[in-house]
Amino acid sequence: MKTVFMGTPDFAAVILEALAKSRHEIAYAVTQPDKAKNRGKKIQYTPVKELALEKGIEVLQPEKVRGNEDFIGQMRECAPDIMIVAAYGQILPKEILELPKYGCINVHASLLPKLRGAAPIQKAIIDGEKETGVTIMQMAEGLDTGDMLLKESVEIGDMNYSRLHDRLAQIGSGLMLRALDLIGEGKIQPEKQDDSLSTYAHMISKADGKIDFSKSPEEIERLIRGFDPWPGAFCSYGDEAMKLWKARPLEESTEEYAFGEILSADERGIKIACGGRALLVTEIQVPGKKRVSVKEYLKGNKIEKGRILE
């Protein structure tokens, strides 16, 4: 089957890798434009572009797709059988959605109709979902509203974002190839989404990692896992920023203490009052330093009991 792949981040690169190893032809890999990264403003390729160049796949990077007649014309000339989209980063217009013989399919990292939107993996962890998964969806004009083609679920357990992301990318790769086979054989059975069950996962910013110590220990622990490695869950210790990387809720009552108050700091970790109970933080990071265990950090630094984390 002649395909065009559209995607941008690491999740999409894993899907592209599987497609490149399959029997299907990839006419183009379409990804977001290169951007300057970090203080040096060095131009950095997207993960999809890096992989596509390595595989000898021609790369297209339109600034925008909607209203871009040059790009739409190029796709018409290409005449793909199907377009495969995974975390591309732009909403596709009707002209593109209807152009391929089999339309456009999307590899979405949630069990639709739950968690439509930009950050379904993080939100599944933060919301305390027991399971999530991947849905292969026939794309429509709405945001993640198209008919569902295939699904596979996975238990979240104690996975952080990084681990769950990698697991879902592998699941998505297999589901995508299976969907292509079923579509080609005319054996796919679309299922409409129940819009009344839909939820939305908004795009994440660094500010979303700010910890609110009035929340329960469980909520804060999920925030820490959901934002590991980016943007990181953070607070302030005095004038210094501090990221919390590993923690576990305790049953100990802290009703008499202020939210964010440090109850103790020793080789076991930093015990913090939050939401009426305690949270034990065992791994932290301060600016300019690596992530370390609290035990290691305390060898050369002090954390004062009674201080308030904000």
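Just so we're clear, the structure is a prediction, and the values are computed from it rather than from any experiment. (Residues numbered from 1 in each chain as written. Predicted model: local features only at pLDDT ≥ 70, side-chain atom pairs only at ≥ 80, totals over all residues. Heavy atoms only, no water.)

> For this particular structure, what's the right way to read the packing of aromatic side chains?
Any aromatic ring pair is given by two values, namely how distant the centres are and how the planes are angled relative to each other. One pass over the full model with this rule turns up 0 aromatic pairs. The side chain of R291 reaches across the aromatic face of W245, ending 4.0 Å from its centre. Directly above the aromatic system of Y237 lies the positively charged group of R307, at a separation of 4.6 Å from the ring centroid. (Phe/Tyr/Trp six-rings, centres within 6.5 Å; stacked < 30°, edge-to-face > 60°. Lys NZ or Arg CZ within 6 Å of the ring centre and 35° of its normal.)

> I keep staring at a negative patch on the surface and nothing clicks. Help me out?
A contiguous patch of negative charge on the surface is contributed by E69, D70, E95, E98 and E141. In this fold, D70 is placed in helix 3 (residues 69–78). Overall, the relative accessible area of 67% leaves D70 in the exposed class. (Patch = residues over 30% accessible without salt bridge, like charges linked within 9 Å, V, L, I, M, F, W, Y side chains within 5 Å. Areas by Shrake-Rupley, 256 points an atom, 1.4 Å probe, with all protein chains shown as cover. Salt bridge = Lys/Arg side-chain N within 4 Å of Asp/Glu carboxyl O. Lys, Arg positive; Asp, Glu negative; His and termini not counted. Charge placed at Lys NZ, Arg CZ, Asp CG, Glu CD. Helix = DSSP H or I, 4+ residues; strand = E, 2+ residues; numbered from the N terminus. Buried < 20%, exposed > 50% of the residue type's maximum accessible area, 1.4 Å probe, protein only.)

> In this structure, what is going on with a nonpolar patch on the surface? I would like to understand it.
A surface patch of nonpolar side chains, amounting to about 290 Å² of accessible area, comprises I43, Y45 and L53. Relative to the helices and strands, I43 resides in strand 4 (residues 42–44). In this structure I43 comes out as exposed when scored by relative accessible area, which is 52%.

> I'm lost on the nonpolar core in this one. Help?
A general trend in soluble globular proteins is that nonpolar side chains are found buried together. Grouped together as the largest cluster of nonpolar side chains are 44 residues, with contacts concentrated most on F5, L16, I84, V107, I136, L168 and M176. With 11 residues, helix 6 (residues 161–184) is the largest single contributor of residues to this core. Residues contacting I84, with those up to four places away along its chain left out, are T3, V4, F5, M6, L19, I105, V107, M176 and L180. (Core = buried A, V, L, I, M, F, W, Y, C linked by side-chain atoms within 4.5 Å. Contact = heavy atoms within 4.5 Å.)

> Is there a simple way to explain the packing of helix 1 (residues 10–21) against helix 2 (residues 47–55) in this structure?
The geometry of a pair of packed helices is captured by two quantities: the angle between their axes and the separation between those axes. Two numbers describe how helix 1 lies on helix 2: the axes approach to 8 Å, and their chain directions differ by 25°. For the element pair helix 1 / helix 2, the angle class is roughly parallel. Remark: the crossing between helix 1 and helix 2 carries right-handed chirality. Seen from helix 1, the contacting residues are D10, A12, A13, L16, E17 and A20; seen from helix 2, they are P47, V48, L51, A52 and K55. Looking at side-chain class alone, the contact of helix 1 with helix 2 contains 8 nonpolar, no polar and 3 charged residues. (Axes fitted to C-alpha atoms, helices over the stretch in contact; angles between N-to-C directions. Parallel < 35°, antiparallel > 145°, perpendicular 65-115°, else oblique. Left-handed = near helix turned anticlockwise from the far one by under 90°. Nonpolar A, V, L, I, M, F, W, Y, C, P; charged D, E, K, R; others polar.)

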